[in-house]
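The chain contents come next:
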Amino acid sequence: MSVAIHLSVLRFLIHFVRRMRFFPILGMGISMFAAILGHLFEIWIFSLAIMQMCNDKRFGSFANEVQLTKSDYFYYSSLSYTSLGFGDIAPEGALRALAAVEAITGLVLIAWTASFAFLAMQELWATKSHEPQL
């Protein structure tokens, strides 16, 4: 689901960037903001899945955690997605597999966003090639 969301966001942003060729800085700023929002939405989707899995103890839980809030699940999900992993919240059971899947998914999608940003900048800056170089 995260890959489909990311693909949709980047496809929209490609068309947006092409319309913003006369305002390249604004186009890149809005594009990066939208990409970050896409990542946050994807993290939120993972946090919902983690929360649902924790409600059914067959899928595992978090070590030494009595009661996690929704923001705790989002926090943990963002740490997994970005592969930051402070370790202050540790999964047990099948949740470990989901954490690994989220980490590799986040790594790929963040790299995809970086590639998109590079190509978008090339396209936006190429349209200004008629300006004198400094």
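Since we're looking at a predicted model, the values are computed, not measured.

Looking now at the overall build of the protein. Of regular secondary structure, the protein possesses four helices and two strands. Starting at the N terminus and walking to the C terminus, you meet the elements of the protein as α-α-β-α-β-α. Taking 14 Å as the expected radius of gyration for a compact globule of 134 residues, we find that the protein reaches 19 Å, considerably beyond that expectation. Along the first, second and third principal axes, the C-alpha set of the protein runs to 60 × 25 × 20 Å. Relative to its full complement of 134 residues, the protein shows a buried share of 37%. Taking the intrachain contacts of the protein between residues at least 6 apart in sequence as the baseline, contacts between residues at least 24 apart amount to 72%.

What follows covers helix H1 (residues 2–19). Since there are 3.6 residues in each turn of an α-helix, residues three or four apart along the chain are aligned in direction. A rise of 1.5 Å per residue sets the reference length of H1, with its 18 residues, at 26 Å; its end C-alpha atoms lie 26 Å apart and thus fit the reference within 8%. Those residues of H1 that are buried lie in contact with helix H2 (24–55) and helix H4 (95–126).

Quick look at the pattern of salt bridges now. Enumeration over the complete set of coordinates arrives at two salt bridges. When the shortest N-O distance is used, the salt bridge between Asp 56 and Arg 58 registers 2.5 Å. Accessibility expressed as a relative area gives 22% for Asp 56, which makes it partly exposed. Take Arg 58: its relative accessible area is 69%, and that puts it in the exposed class.

A word on the UniProt feature "transmembrane region" (unreviewed entry) in the protein. On the UniProt side, "transmembrane region" (unreviewed entry) is annotated at positions that read residues 21–53 and 97–121 here. Between the C-alpha atoms that bound residues 21–53 the distance is 45 Å, and the span itself is 91% helix and 0% strand. Secondary structure content for residues 97–121 is 100% helix and 0% strand, while the C-alpha to C-alpha distance between its ends is 36 Å.

We now examine a nonpolar patch on the surface. On the surface, Phe 22, Phe 23, Leu 26 and Ile 30 cluster together to form a nonpolar patch covering roughly 450 Å² of accessible area. Inspection of the secondary structure assignment puts Leu 26 in helix H2.

Let's shift gears to the side chain of Ser 31. Tracing the backbone shows Ser 31 in helix H2. According to the relative accessible area criterion, Ser 31 is buried, its value standing at 0%. Setting aside residues up to four positions removed in sequence, Ser 31 forms contacts with Leu 13, Phe 16, Val 17 and Phe 116.

Before going further, it helps to spend a moment on the nonpolar core. Among the nonpolar cores identified, the biggest contains 16 residues, and Ile 50, Cys 54, Phe 62, Tyr 73, Tyr 76 and Leu 95 are the most heavily contacted of them. Every element with two or more residues in this core is listed here: H2, helix H3 (70–81) and H4. If one sorts the elements of this core by residue count, H2 sits on top with six residues. Leaving out residues up to four positions away in the same chain, Tyr 76 has contacts with Ile 50, Phe 62, Ile 89, Pro 91 and Ala 99. Formed by nine residues, the second largest nonpolar core is a distinct cluster that contains Leu 13, Val 17, Met 28 and Ala 120.

The next thing to look at is the packing of H1 against H4. Relative orientation of the contacting elements H1 and H4 amounts to 10 degrees, with a least axis distance of 11 Å. Taken together, the axes of H1 and H4 lie roughly parallel to each other. Of the residues in H4, those touching H1 at Ser 2, Val 3, His 6, Leu 7, Leu 10, Leu 13, Ile 14, Val 17 and Arg 18 are Thr 105, Leu 109, Trp 112, Thr 113, Phe 116, Ala 120, Glu 123 and Leu 124. Considered class by class, the residues forming the contact of H1 with H4 number eleven nonpolar, four polar and two charged.

Parameters and conventions
Residues numbered from 1 in each chain as written. Predicted model: local features only at pLDDT ≥ 70, side-chain atom pairs only at ≥ 80, totals over all residues. Heavy atoms only, no water. Helix = DSSP H or I, 4+ residues; strand = E, 2+ residues; numbered from the N terminus. Rg over C-alpha atoms; globule rule 2.2 N^0.38 Å. Buried < 20%, exposed > 50% of the residue type's maximum accessible area, 1.4 Å probe, protein only. Contact = heavy atoms within 4.5 Å. Expected span 1.5 Å × (residues − 1). Salt bridge = Lys/Arg side-chain N within 4 Å of Asp/Glu carboxyl O. UniProt positions renumbered as here; feature names shortened; annotations may be inferred. Patch = residues over 30% accessible without salt bridge, like charges linked within 9 Å, V, L, I, M, F, W, Y side chains within 5 Å. Areas by Shrake-Rupley, 256 points an atom, 1.4 Å probe, with all protein chains shown as cover. Core = buried A, V, L, I, M, F, W, Y, C linked by side-chain atoms within 4.5 Å. Axes fitted to C-alpha atoms, helices over the stretch in contact; angles between N-to-C directions. Parallel < 35°, antiparallel > 145°, perpendicular 65-115°, else oblique. Nonpolar A, V, L, I, M, F, W, Y, C, P; charged D, E, K, R; others polar.

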